[in-house]
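Results of the structural survey
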Amino acid sequence: TTYTNIGMKDFWGDYMRVYLKDLLKICSGFGRVVLRIKPHYSDERYFGKLLKEWGAKGSVAELLSHREDIFQLEHEADLVVTPESTVISEAIMLNKPVIVLDYPRNGLTLPQYETKGIIMRASCKEDLEKCLRKVLYDSETQKTLERNRLQAGNYFTGPFDGKNASRVAKIISEHMSAKA
(Lines give C-alpha, C1' and ligand atoms only; values in the text may rest on other atoms or scores of the structure.)
Protein backbone atom coordinates (compact mmCIF):
# COMPACT_ATOMS: atom_id res chain seq x y z
CA THR A 1 0.00 0.00 0.00
CA THR A 2 1.35 3.38 -0.96
CA TYR A 3 -0.12 6.36 0.85
CA THR A 4 -0.21 9.44 -1.33
CA ASN A 5 -0.86 12.92 -0.04
CA ILE A 6 -1.75 15.05 -3.02
CA GLY A 7 -3.91 18.05 -2.75
CA MET A 8 -4.35 21.78 -2.84
CA LYS A 9 -5.00 21.95 -6.58
CA ASP A 10 -5.17 25.72 -6.53
CA PHE A 11 -1.84 26.02 -4.72
CA TRP A 12 0.02 23.45 -6.82
CA GLY A 13 -1.84 24.19 -10.07
CA ASP A 14 -1.77 21.56 -12.80
CA TYR A 15 1.00 19.64 -11.06
CA MET A 16 -1.52 17.74 -8.95
CA ARG A 17 -3.24 16.46 -12.10
CA VAL A 18 0.13 15.50 -13.60
CA TYR A 19 1.33 13.84 -10.38
CA LEU A 20 -1.85 11.80 -10.09
CA LYS A 21 -1.83 10.75 -13.74
CA ASP A 22 1.83 9.73 -13.57
CA LEU A 23 1.35 7.81 -10.32
CA LEU A 24 -1.64 5.94 -11.72
CA LYS A 25 0.11 5.07 -14.97
CA ILE A 26 3.29 3.89 -13.28
CA CYS A 27 1.62 1.99 -10.45
CA SER A 28 -0.87 0.26 -12.73
CA GLY A 29 2.13 -1.60 -14.17
CA PHE A 30 3.39 -2.72 -10.76
CA GLY A 31 0.70 -5.26 -9.94
CA ARG A 32 -0.08 -5.27 -6.22
CA VAL A 33 0.44 -1.55 -5.57
CA VAL A 34 -2.60 0.40 -4.37
CA LEU A 35 -2.52 4.16 -4.09
CA ARG A 36 -4.52 5.35 -1.10
CA ILE A 37 -5.10 9.00 -1.93
CA LYS A 38 -5.98 11.49 0.77
CA PRO A 39 -6.75 14.79 -0.92
CA HIS A 40 -6.79 18.21 0.64
CA TYR A 41 -10.34 19.01 1.75
CA SER A 42 -10.92 21.38 -1.15
CA ASP A 43 -9.83 18.81 -3.76
CA GLU A 44 -11.83 15.70 -2.91
CA ARG A 45 -14.41 16.19 -5.69
CA TYR A 46 -11.74 17.19 -8.19
CA PHE A 47 -9.73 14.01 -7.62
CA GLY A 48 -12.88 11.89 -7.63
CA LYS A 49 -13.76 13.36 -11.02
CA LEU A 50 -10.26 12.70 -12.39
CA LEU A 51 -10.21 9.09 -11.16
CA LYS A 52 -13.64 8.47 -12.67
CA GLU A 53 -12.63 10.16 -15.93
CA TRP A 54 -9.49 8.04 -16.18
CA GLY A 55 -11.27 4.85 -15.11
CA ALA A 56 -8.85 4.36 -12.24
CA LYS A 57 -11.10 4.42 -9.20
CA GLY A 58 -11.04 1.07 -7.42
CA SER A 59 -8.27 -0.46 -9.53
CA VAL A 60 -4.91 0.89 -8.43
CA ALA A 61 -6.35 3.88 -6.60
CA GLU A 62 -8.54 4.35 -3.58
CA LEU A 63 -9.75 7.90 -3.02
CA LEU A 64 -10.15 8.51 0.68
CA SER A 65 -12.09 11.23 2.41
CA HIS A 66 -10.19 14.35 3.34
CA ARG A 67 -11.38 13.56 6.89
CA GLU A 68 -9.30 10.38 7.14
CA ASP A 69 -6.76 10.33 9.95
CA ILE A 70 -3.54 11.31 8.20
CA PHE A 71 -1.34 9.87 10.96
CA GLN A 72 -3.10 6.50 10.78
CA LEU A 73 -2.69 6.45 7.00
CA GLU A 74 1.01 7.24 7.31
CA HIS A 75 1.38 4.53 9.93
CA GLU A 76 -0.30 1.93 7.66
CA ALA A 77 1.61 2.90 4.52
CA ASP A 78 4.55 1.04 3.05
CA LEU A 79 5.61 4.23 1.28
CA VAL A 80 4.52 7.87 1.41
CA VAL A 81 4.46 9.90 -1.81
CA THR A 82 3.76 13.59 -1.37
CA PRO A 83 4.51 17.03 -2.73
CA GLU A 84 6.39 19.26 -0.32
CA SER A 85 4.46 19.08 2.90
CA THR A 86 4.78 18.53 6.63
CA VAL A 87 3.75 14.96 5.79
CA ILE A 88 7.43 14.39 4.92
CA SER A 89 8.56 14.94 8.50
CA GLU A 90 5.68 12.93 9.89
CA ALA A 91 6.48 9.96 7.65
CA ILE A 92 10.16 10.12 8.56
CA MET A 93 9.25 10.07 12.27
CA LEU A 94 7.20 6.93 11.53
CA ASN A 95 10.22 5.43 9.72
CA LYS A 96 8.45 5.36 6.36
CA PRO A 97 10.20 5.81 3.01
CA VAL A 98 9.24 9.08 1.32
CA ILE A 99 9.22 10.17 -2.30
CA VAL A 100 8.78 13.91 -2.72
CA LEU A 101 7.02 15.04 -5.89
CA ASP A 102 8.86 18.13 -7.11
CA TYR A 103 8.25 18.52 -10.84
CA PRO A 104 8.59 22.31 -10.70
CA ARG A 105 12.01 21.68 -9.10
CA ASN A 106 11.55 24.42 -6.58
CA GLY A 107 13.42 22.49 -3.90
CA LEU A 108 11.54 23.91 -0.94
CA THR A 109 11.86 20.70 1.05
CA LEU A 110 14.49 20.80 3.72
CA PRO A 111 17.59 20.07 1.65
CA GLN A 112 19.14 18.07 4.49
CA TYR A 113 16.51 15.38 3.99
CA GLU A 114 17.78 14.76 0.49
CA THR A 115 21.49 15.22 1.18
CA LYS A 116 21.27 12.85 4.16
CA GLY A 117 19.64 10.28 1.88
CA ILE A 118 16.41 9.91 3.84
CA ILE A 119 14.01 10.92 1.06
CA MET A 120 13.97 10.51 -2.68
CA ARG A 121 12.92 13.41 -4.90
CA ALA A 122 11.11 12.94 -8.22
CA SER A 123 11.38 15.92 -10.56
CA CYS A 124 9.76 14.24 -13.57
CA LYS A 125 7.80 11.11 -14.50
CA GLU A 126 10.97 9.16 -15.23
CA ASP A 127 12.43 10.07 -11.81
CA LEU A 128 9.18 9.05 -10.17
CA GLU A 129 9.20 5.63 -11.82
CA LYS A 130 12.86 5.06 -10.84
CA CYS A 131 12.16 6.13 -7.25
CA LEU A 132 9.08 3.93 -6.98
CA ARG A 133 10.90 0.89 -8.37
CA LYS A 134 13.83 1.39 -6.02
CA VAL A 135 11.75 1.98 -2.90
CA LEU A 136 9.25 -0.79 -3.59
CA TYR A 137 11.47 -3.49 -5.07
CA ASP A 138 15.17 -2.88 -4.37
CA SER A 139 16.09 -4.29 -0.97
CA GLU A 140 19.41 -2.41 -0.88
CA THR A 141 17.66 0.93 -1.43
CA GLN A 142 15.10 0.03 1.24
CA LYS A 143 17.84 -0.80 3.76
CA THR A 144 19.85 2.32 2.94
CA LEU A 145 16.84 4.62 3.26
CA GLU A 146 15.82 3.05 6.56
CA ARG A 147 19.36 3.24 7.97
CA ASN A 148 19.62 6.89 6.89
CA ARG A 149 16.22 7.75 8.39
CA LEU A 150 17.15 6.23 11.71
CA GLN A 151 20.58 7.89 11.78
CA ALA A 152 19.16 11.24 10.72
CA GLY A 153 16.30 11.08 13.22
CA ASN A 154 18.57 12.01 16.10
CA TYR A 155 20.32 14.66 14.00
CA PHE A 156 17.09 16.43 13.02
CA THR A 157 14.81 15.94 15.99
CA GLY A 158 16.82 14.46 18.82
CA PRO A 159 15.90 11.33 20.69
CA PHE A 160 12.42 9.82 20.50
CA ASP A 161 11.28 11.44 23.75
CA GLY A 162 7.86 12.79 22.84
CA LYS A 163 9.20 16.23 21.92
CA ASN A 164 10.03 15.44 18.30
CA ALA A 165 6.98 17.19 16.86
CA SER A 166 7.83 20.49 18.50
CA ARG A 167 11.43 20.21 17.33
CA VAL A 168 10.29 19.42 13.76
CA ALA A 169 7.94 22.42 13.85
CA LYS A 170 10.83 24.63 14.94
CA ILE A 171 13.08 23.33 12.13
CA ILE A 172 10.37 23.91 9.53
CA SER A 173 9.62 27.39 10.89
CA GLU A 174 13.30 28.35 10.78
CA HIS A 175 13.63 27.02 7.25
CA MET A 176 10.56 28.92 6.05
CA SER A 177 11.82 32.12 7.69
CA ALA A 178 15.12 31.75 5.87
CA LYS A 179 13.31 31.39 2.51
CA ALA A 180 11.20 34.52 3.07
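Digging into the layout of surface pockets
Picture a little ball the size of a water molecule; that probe, rolled over the atoms, points out where space is still empty. Taken as a whole, the second largest pocket encloses approximately 200 Å³ of empty space. If you trace the second largest pocket, you find it lined by Phe71, Thr86, Ser89, Glu90, Met93, Asn164, Ala165, Val168, Ala169 and Ile172. Broken down by secondary-structure element, the contributors of at least two residues to the lining of the second largest pocket are helix H5 (87–93) and helix H9 (164–179).

Observations concerning the pattern of salt bridges
Summed over all chains, the structure comprises 7 salt bridges. Notably, a salt bridge pairs Glu114 with Arg121, separated by 2.8 Å at the nearest N-O pair. Among the residues examined, Glu114 registers a relative accessible area of 36% and is labelled partly exposed. The closest approach of N and O atoms between Glu129 and Arg133, which form a salt bridge, is 3.1 Å. Of this pair, Glu129 and Arg133 both sit in helix H7 (residues 125–137), 4 residues apart, which is roughly one turn of that helix.

Observations concerning helix H3 (residues 44–54)
Taken residue by residue, H3 has Tyr46, Phe47, Gly48, Leu50 and Leu51 as its buried positions. Immediately downstream of H3, the backbone of Gly55 shows phi near 70°, a positive value.

Details of helix H2 (residues 15–28)
For H2, with 14 residues, the first-to-last C-alpha span of 20 Å sits near the 20 Å given by 1.5 Å per residue. Met16, Tyr19, Leu20, Asp22, Leu23, Leu24, Ile26 and Cys27 are the residues of H2 that are buried.

Conventions we followed
- Residues numbered from 1 in each chain as written.
- Predicted model: local features only at pLDDT ≥ 70, side-chain atom pairs only at ≥ 80, totals over all residues.
- Heavy atoms only, no water.
- 1 Å grid on protein atoms, 1.4 Å probe; cavity = no way out; pocket = protein on both sides within 12 Å on 5 of 7 lines; lining within 4 Å.
- Points joined across faces, edges and corners; volume = space filled by probe spheres on them.
- Helix = DSSP H or I, 4+ residues; strand = E, 2+ residues; numbered from the N terminus.
- Salt bridge = Lys/Arg side-chain N within 4 Å of Asp/Glu carboxyl O.
- Buried < 20%, exposed > 50% of the residue type's maximum accessible area, 1.4 Å probe, protein only.
- Expected span 1.5 Å × (residues − 1).

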